[in-house]
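Working through the structure, step by step
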Amino acid sequence: EQWEIAGDRPGILLTKTGSVAYGLKLSDTADNSRISGLKIEGFDDYGIFTAAETSQIGMDCVGTPDDTQRNVIVANGRTGLHLGSADNNIIAGNWIGLADDGVTSDPNGGGTLTHSYTEMNMNNSNSNVIGYEDGDDYPAYVCTAAQARNVFGIGSYNSITLDNSSTKNNISGN
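Let me sum up the structure you'll find in this document. (Residues numbered from 1 in each chain as written. Predicted model: local features only at pLDDT ≥ 70, side-chain atom pairs only at ≥ 80, totals over all residues. Heavy atoms only, no water.)

A word on the overall build of the protein chain. When helices and strands are tallied, the protein chain shows 1 helix and 15 strands. Within the protein chain, the proportion of its 174 residues that are buried is 46%. A fraction of 76% describes how many contacts in the protein chain between residues 6 or more apart in sequence connect residues 24 or more apart. Summed over its atoms, the accessible surface of the protein chain is roughly 7,900 Å², and 45% of this surface lies on carbon and sulfur atoms. (Helix = DSSP H or I, 4+ residues; strand = E, 2+ residues; numbered from the N terminus. Buried < 20%, exposed > 50% of the residue type's maximum accessible area, 1.4 Å probe, protein only. Contact = heavy atoms within 4.5 Å. Areas by Shrake-Rupley, 256 points an atom, 1.4 Å probe, with all protein chains shown as cover.)

On to the nonpolar core, then. By size, the foremost hydrophobic cluster in this structure holds 18 residues, and its most contacted members are Ile35, Ile48, Ile57, Leu81, Leu83, Ile91 and Met120. Beyond its immediate sequence surroundings of up to four residues, Met120 is in contact with Thr79, Leu81, Leu83, Ile91, Ile130, Phe152, Ser159, Ile160 and Thr161. Judged by nonpolar contacts, the second largest core, of 8 residues, contains Cys61, Ile90, Val129 and Tyr141. (Core = buried A, V, L, I, M, F, W, Y, C linked by side-chain atoms within 4.5 Å.)

You can see Asn71 is positioned in the loop between strand E6 (56-58) and strand E7 (72-74). If sequence neighbours within four positions are ignored, Asn71 has contacts with Ile35, Ser36, Gly37, Leu38, Ile57, Gly58, Asn94 and Trp95.

In this section: the pattern of salt bridges. All chains considered together, the criterion is met by 4 salt bridges. Taking the shortest distance from any N to any O, the salt bridge between Asp60 and Arg34 comes out at 3.9 Å. Residue Asp60 is located in the loop between E6 and E7, and its partner Arg34 is located in strand E3 (residues 34-35); the two are separated by 26 residues in the primary sequence. Among the ionic pairs, Asp100 bridges to Lys39, the shortest N-O distance being 3.4 Å. Residue Asp100 is located in the loop between strand E10 (95-96) and strand E11 (118-123), and its partner Lys39 is located in strand E4 (residues 38-41); the two are separated by 61 residues in the primary sequence. For the pair formed by Asp100 and Lys39, the shared burial category is buried. Look at the salt bridges and you will find they share partners, linking Lys39, Glu41 and Asp100 into a network. (Salt bridge = Lys/Arg side-chain N within 4 Å of Asp/Glu carboxyl O.)

All right, on to the pairing of E11 then. In terms of burial, E11 is a largely internal element, 5 of the 6 residues being buried. Relative to E11, strand E8 (residues 79-84) is paired through 5 bridges, and the arrangement is parallel. Note that in E11 the partner of Thr79 across the bridge is Thr118. Where E11 lies against strand E14 (residues 158-163), 5 bridges are found, and the strand directions are parallel. From the neighbouring strand, Met122 faces E14, where its bridge partner is Leu162. (Pairing = 2+ DSSP bridges.)

In structure tokens:
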């Protein structure tokens, strides 16, 4: 199957061959990164694992948002998106556990209903914006609520989990 760029779909496919744990891994030195326009599917553990800070995953909500910036993160073995000690990030406009048609559920965690499988997990991660920010606390935020909304498929144990002292996160409008 060839991934095609069409309409509001992402343009780059990352898919596993062999035994690969992460689709994309950002270390704690990868601050100020921007991850957009990707479809990440089928990795053993995480679609995206990040320890980076002050990064954007999905829509450019402090620049010029566009539907082609959305990430589609599906069918990964454990978690679609994991933030591990990652602070001050914006996660907006992504489809996590939802196929690129925007309708069909394609869960991360293999559809396994156990606690360790989730669409998005935050571990010791603080002051992140997940979805919509009204601009009062973040004046540069320009996405509308519809653009910023992360859409989660069904079939994993949780859509979003916050573990181990994750504080001051704004989760809104998803």
